[in-house]
Amino acid sequence: LPDVESANVVGDITGSEHPEEVVLIGGHLDSWDKGQGAHDDGAGCTQSLEALRLMKELGLKPKRTVRAVMFMNEENGGRGAVAYAAKDRPNERHIAAMESDAGGFTPYGFGVGDSLTLKKLQPWAPAFRFIAADRFTFGGGGADISELMRRGVPGMGLSVDSQRYFDYHHTDNDIINNVSERELALGSAAMAILAYIIAQQGL
C-alpha cells in the first residue's frame, strides 16, 4: 500500500537542573499483523510510560530530562527512529538511549552498547539486585535507538528471560493475556531505576 503519514509519541519529565540533556527510554508502537503486538512491542511502550509514572508518583525530580518515546514503523522500515534521530534539536543533547523490545518477560539486567558506558554503569548494578536485574553485559541497544547510537549516543537495552519470546513473536499468540503483569512491572521498575540514575549522575 502507499505510504501514509504517521507519528512518534513523545512525553517528557523535564530535568530540574539540566533540561537540555535527555535520557531517552522507549519502545515501538507498531506491531506485526498478527496478534495484538502485546510483547512486541506493547510491553516496551508500557514499560517506558510506567517508568515516567513511577518517577512522578514517587515525587522524584530528575536533574536531566527523562523522555519516553513510542516510535512508529519499527516493523517495516524504522522510519520513526530515523525521523526522530534526524530532527534538529539545537538546544538538546541526548546523553543516553534505552530500549525495551524483547518482550514483557522477567528482567535480568541491561545490555550496554559500548564498553566505556558499561564500565560507568556496572558500579550501579547492586541497585537492581532486589529484583534480580543486576546483570550488565556488553552489547545492547535496539532498532529504535540504533540511529541515535550511530550518532554517538550511548545505547542500552532491557535484557529479559527470552526463553518464551518466540512462542509469541509475530504470531497470533502475541496478546495481552500472555503478558505477565508482574514481569512487566519488574521491567518497568528496572527501566525507571536506570533512567533516574543516569538522569542524576550523567554518563
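Here we summarise the structure given alongside this text. Every value quoted in this text rests on a predicted model; they were computed, and no experiment measured them.

Section: the packing of aromatic side chains
Across all of its chains, the model carries seven aromatic pairs by this definition. With 5.4 Å between their ring centres and 65° between their planes, Phe128 and Phe136 make a pair best called edge-to-face. Owing to a relative accessible area of 8%, Phe136 belongs among the buried residues under this scheme. Here Tyr165 and Phe166 contribute two aromatic rings whose centre-to-centre distance is 5.1 Å and whose plane-to-plane angle is 70°, an arrangement assigned as edge-to-face.

Things to note about unusual backbone geometry
Omega for the bond connecting Asp40 with Asp41 falls within 30 degrees of zero, at 5°, which places this linkage in the cis form. Along the chain, Asp41 falls in helix H1 (residues 38-57). Even without being glycine, Asn73 reaches a positive phi, approximately 75°. Mapped onto the secondary structure, Asn73 falls in the loop between strand S3 (64-71) and helix H2 (79-86).

Observations concerning the packing of H1 against helix H5 (residues 181-201)
The contact between H1 and H5 brings their axes to 8 Å, and the two run at 55°. Taken together, H1 and H5 sit at an angle that is classed as oblique. Relative to H5, H1 is oriented so that their crossing is right-handed. Note on element contacts: H5 touches H1 through Leu184, Gly187, Ser188, Ala189, Met191, Ala192, Ala195 and Tyr196, opposite Ala43, Thr46, Gln47, Ser48, Glu50, Ala51, Leu54 and Met55. Counted by class, the contact of H1 with H5 contains ten nonpolar, five polar and one charged residues.

Criteria and cut-off values
- Residues numbered from 1 in each chain as written.
- Predicted model: local features only at pLDDT ≥ 70, side-chain atom pairs only at ≥ 80, totals over all residues.
- Heavy atoms only, no water.
- Phe/Tyr/Trp six-rings, centres within 6.5 Å; stacked < 30°, edge-to-face > 60°.
- Buried < 20%, exposed > 50% of the residue type's maximum accessible area, 1.4 Å probe, protein only.
- Helix = DSSP H or I, 4+ residues; strand = E, 2+ residues; numbered from the N terminus.
- Axes fitted to C-alpha atoms, helices over the stretch in contact; angles between N-to-C directions.
- Parallel < 35°, antiparallel > 145°, perpendicular 65-115°, else oblique.
- Left-handed = near helix turned anticlockwise from the far one by under 90°.
- Contact = heavy atoms within 4.5 Å.
- Nonpolar A, V, L, I, M, F, W, Y, C, P; charged D, E, K, R; others polar.

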